[in-house]
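Structure assessment
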Amino acid sequence: MNQSVTIELRQWIVEQAAAGFSRETVMASMVASGWQESVALKALQATWKEPATAPHRSTPVLRREGARHLPDLDLSRSPRQIDAGDRMVQVIASLSQPRVVVLGNLLGADECDALIESARPQLARSLTVATKTGGEELNPDRTSSGTFFARGQTPEVARIEARIARLLNWPVEHGEGLQVLHYRPGAEYKPHYDYFDPDEPGTPNILKRGGQRLATLVMYLSEPARGGGTTFPDAGLEVAPVRGNAVFFSYDRPHPSTRTLHGGAPVIEGDKWVATKWLREREFI
Ligand code: PD2
Ligand code: ZN
């Protein structure tokens with residue numbers, strides 16, 4: 001039988017690492033439960049890239065030591081709403097591990113329409129960063145079409161970017177330009193990580209433009225009647241695409257133990273439009 005590395009297998013490996021099992025023990029139990037050795041090894045290599053790193057722990061003291069400064073919202077006093085400068089943004093739900101925050105009212109209906117209409121003429125089948133070279137390539141896991149705006153490309157885009165910067169306490173200059181994606185029924189974005197894999201040969205080139213990605217904000221510009229949620233398989237979470245709402249998540253290191261594997265579920269009925277903002281360590285040029 002030809003086995004392949006499934007999302008479930010990757011998820012299971014992440015859980016075993018978090019529980020403190022060694023790489024060797026995890027490999028042995030995969031083989032014992034019927035996984036071909038080559039597939040088990042491939043899954044381990046893809047999922048467990050830092051065997052020397054201590055397993056993820058959620059003890060606050062440990063997390064604070066050496067913790068990276070990350071984009072984040074100030075939820076310390078459990079606000080219902082956050083003042084993002086020109087708009088009050090609702091906090092609908094939050095998760096600490098992985099850090100995921102669902103936001104309401106981030107964009108107005110007029111802003112969603114304006115972004116869709118300015119993106120529409122520029123749409124092309126979505127590309128992703130080619131990790132082998134640092135260039136761009138067609139990705140079969142991503143059946144949406146999309147386009148990028150330059151930072152501040154229109155006054156509307158600049159206003160939204162200033163709002164995001166204030167909300168997430170991260171400089172506008174550290175953000176990539178907005179990406180707008182369009183998914184028709186059947187289109188999806190299979191689960192992936194947004195950070196750049198340190199083991200890929202093209203990564204050093206990509207990092208020259210502003211360092212690693214640290215966080216993602218996916219803003220929903222439309223509301224498909226069914227399907228199209230943003231899924232987090234390692235957290236068992238699916239965020240419904242509600243127009244004007246958004247999901248924010250951050251990753252303190254480029255590693256699966258951040259549990260930020262996420263995808264865009266297939267759209268079943270209607271059209272899904274999103275705008276994504278990625279936040280980098282340094283100024284993105
Ligand atoms: O459209 C989405 O829900 C989605 C899901 C996963 C977008 C992205 N990733 C992305 O733009 O990176
Ligand atoms: Zn993504």
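Described below are features of the structure shown in this document. Bear in mind that the values here come from a model prediction, so they are computed numbers and not experimental data. (Residues numbered from 1 in each chain as written. Chains lettered and ligands numbered in written order. Predicted model: local features only at pLDDT ≥ 70, side-chain atom pairs only at ≥ 80, totals over all residues. Heavy atoms only, no water.)

Considering the overall build of the chain
Per the secondary structure count, the chain includes 7 helices and 17 strands. Burial analysis of the chain (285 residues in total) assigns 47% to the buried set. Taking as baseline every contact in the chain between residues at least 6 positions apart, the subset at least 24 positions apart corresponds to 74%. As presented, the chain carries roughly 13,600 Å² of accessible surface, and 52% of it is formed by carbon and sulfur atoms. (Helix = DSSP H or I, 4+ residues; strand = E, 2+ residues; numbered from the N terminus. Buried < 20%, exposed > 50% of the residue type's maximum accessible area, 1.4 Å probe, protein only. Contact = heavy atoms within 4.5 Å. Areas by Shrake-Rupley, 256 points an atom, 1.4 Å probe, with all protein chains shown as cover.)

Comments concerning the pattern of salt bridges
Throughout the structure, instances matching the rule amount to 14 salt bridges. A salt bridge links Arg68 to Glu281, with the nearest nitrogen and oxygen atoms 3.6 Å apart. A residue pair is termed long-range when its members are at least 10 positions apart, and Arg68 in the loop between helix 4 (60-64) and strand 1 (81-83) and Glu281 in the segment after strand 17 (272-280) qualify at 213 residues. For Glu281, a relative accessible area of 26% puts it in the partly exposed group. The partner of Asp72 in a salt bridge is Arg99, and the shortest N-O contact between them spans 3.0 Å. One end of the pair, Asp72, is in the loop between helix 4 and strand 1; the other, Arg99, is in the loop between strand 2 (88-95) and strand 3 (100-104), with 27 residues separating them in the sequence. Assessed through its relative accessible area of 19%, Arg99 is described here as buried. Linked through salt bridges whose partners overlap, the residues forming this network are Asp86, Glu111, Glu156, Arg159 and Arg163. (Salt bridge = Lys/Arg side-chain N within 4 Å of Asp/Glu carboxyl O.)

Topic: the coordination of the zinc ion (ligand 2)
Every protein donor of the zinc ion (ligand 2) is accounted for by His192 (NE2), Asp194 (OD) and His262 (NE2), and the metal-donor separations fall at 2.1 to 2.3 Å. Counting residues between consecutive donors of the zinc ion (ligand 2) along the chain gives the motif H-x1-D-x67-H. An identical accessibility class is assigned to His192 and Asp194; each is buried. (Donors = N, O, S within 2.8 Å, 3.2 Å for Na, K, Ca; no water.)

A few points about the packing of aromatic side chains
Using the criterion set out here, one finds 5 aromatic pairs in the structure. Plain terms: the ring middles of Phe148 and Trp278 are 6.4 Å apart, the flat faces sit at 40° to each other, and that makes the pair tilted. Of this pair, Phe148 sits in strand 7 (residues 145-148) while Trp278 is found in strand 17, placing the two residues 130 residues apart along the sequence. Overall, the relative accessible area of 5% leaves Trp278 in the buried class. Centroid distance Phe232 to Phe249: 5.0 Å. Interplanar angle 80°. Geometry classified as edge-to-face. One end of the pair, Phe232, is in strand 12 (residues 230-232); the other, Phe249, is in strand 14 (residues 246-250), with 17 residues separating them in the sequence. Summarising the burial analysis for this pair, Phe232 and Phe249 share the class buried. Through pairs of rings, three or more aromatic residues link up here, namely Tyr193, Tyr195, Phe232, Phe249 and Tyr251. Across from the ring centre of Trp278, 3.8 Å away, lies the NZ or CZ of Arg213, which sits over that ring. Lying across the ring of Tyr183, Lys272 places its NZ or CZ 4.3 Å from the centre. (Phe/Tyr/Trp six-rings, centres within 6.5 Å; stacked < 30°, edge-to-face > 60°. Lys NZ or Arg CZ within 6 Å of the ring centre and 35° of its normal.)

Some remarks on the sheet that holds strand 9 (residues 189-192)
Pairing is antiparallel in the open sheet, where 4 strands are placed in the order 9-15-12-13. Only two strands of the sheet have a single neighbouring strand rather than two, namely strand 9 and strand 13 (237-239). If you compare each strand with its neighbour and ignore which way they point, the axes differ by 15° on average. One ladder, built from 2 bridges, connects strand 12 with strand 15 (residues 262-264); its direction is antiparallel. Bridged to Thr230 within strand 15 is Gly264. (Pairing = 2+ DSSP bridges. Axes fitted to C-alpha atoms, helices over the stretch in contact; angles between N-to-C directions.)

Description of the packing of helix 5 (residues 109-119) against helix 6 (residues 155-168)
A packed helix pair is summarised by two numbers, namely the angle formed by the two axes and the spacing between the axes. Between helix 5 and helix 6, whose axes approach to 11 Å, the crossing angle comes to 125°. Put simply, helix 5 runs oblique to helix 6. The hand of the helix 5/helix 6 crossing is left-handed. Across the interface between the two elements, Glu111, Ala114 and Leu115 of helix 5 pack against Glu156, Val157, Arg159, Ile160 and Arg163 of helix 6. Here the residues of the contact of helix 5 with helix 6 are counted per class, giving 4 nonpolar, no polar and 4 charged. (Parallel < 35°, antiparallel > 145°, perpendicular 65-115°, else oblique. Left-handed = near helix turned anticlockwise from the far one by under 90°. Nonpolar A, V, L, I, M, F, W, Y, C, P; charged D, E, K, R; others polar.)

Some remarks on the side chain of Arg213
Turning to its location among the elements, Arg213 is positioned in strand 10 (residues 213-220). For Arg213, the side chain forms a polar contact with the side chain of Glu176, separated by 2.8 Å. When sequence neighbours within four positions are dropped, the list of residues in contact with Arg213 reads Glu176, Asp194, Tyr195, Phe196, Tyr251, Trp278, Leu279 and Arg280. (Polar contact = N/O pair within 3.5 Å; in protein donor to acceptor, adjacent residues only side chain to side chain.)

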